[in-house]
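Observations on the three-dimensional arrangement
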Amino acid sequence: TELRSYMRCGLKINATERRSVLHHALRMPRTYDYTHHPYGMQIMDDVHAVRTRIEEFTNKIRSGSWKGYTGKTLKHTVCIGIGGSQLGPEFVHEALRADQQASLAAEGR
């Protein structure tokens, strides 16, 4: 659609905040050529730097090396979302709940 093309080009289609929306940049591989946006390569570098930090953090939680306040391994999470921000975690939860292997891997955590 036209708006999707504008979004990918980095045009300011978020009228409320008067800025670009870059949701798609979060899904692009590190090798994605985003040079058609004036700040495209910096955006991709920033996105992937954060994705790397998230991966490192989640690996620590999964391995049990990251402890909670009490010094115990984390077993439970609380997700607080408003509007659409809740949908992503909810979809992941539903997908993992339906996958027996994922359920077994998460058991006791």
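Details of the structure are given in the entry above.
Below, the structure is looked at part by part. All values derive from a computational prediction rather than experimental measurement.

Concerning unusual backbone geometry
We note that Arg18 has phi near 55°; this positive angle belongs to a residue other than glycine. Within the secondary structure, Arg18 is located in the loop between α1 (2–9) and α2 (40–63). By relative accessible area, which is 68% here, Arg18 ends up exposed.

Here we look at the packing of aromatic side chains
Taken as a whole and judged by the stated rule, the model has 2 aromatic pairs. Here the aromatic rings of Tyr32 and Tyr34 are separated by 5.6 Å at their centres, their planes lie at 40°, and the arrangement is tilted. Note on Tyr32: relative accessible area 22%, which makes it partly exposed. Residue classification places Tyr34 among the buried positions, given a relative accessible area of 0%. Note on Phe57 and Trp66: the rings are 5.0 Å apart at their centroids and 80° apart in plane angle, and the pair reads as edge-to-face. A relative accessible area of 36% places Phe57 in the partly exposed class.

What counts as what
Residues numbered from 1 in each chain as written. Predicted model: local features only at pLDDT ≥ 70, side-chain atom pairs only at ≥ 80, totals over all residues. Heavy atoms only, no water. Helix = DSSP H or I, 4+ residues; strand = E, 2+ residues; numbered from the N terminus. Buried < 20%, exposed > 50% of the residue type's maximum accessible area, 1.4 Å probe, protein only. Phe/Tyr/Trp six-rings, centres within 6.5 Å; stacked < 30°, edge-to-face > 60°.

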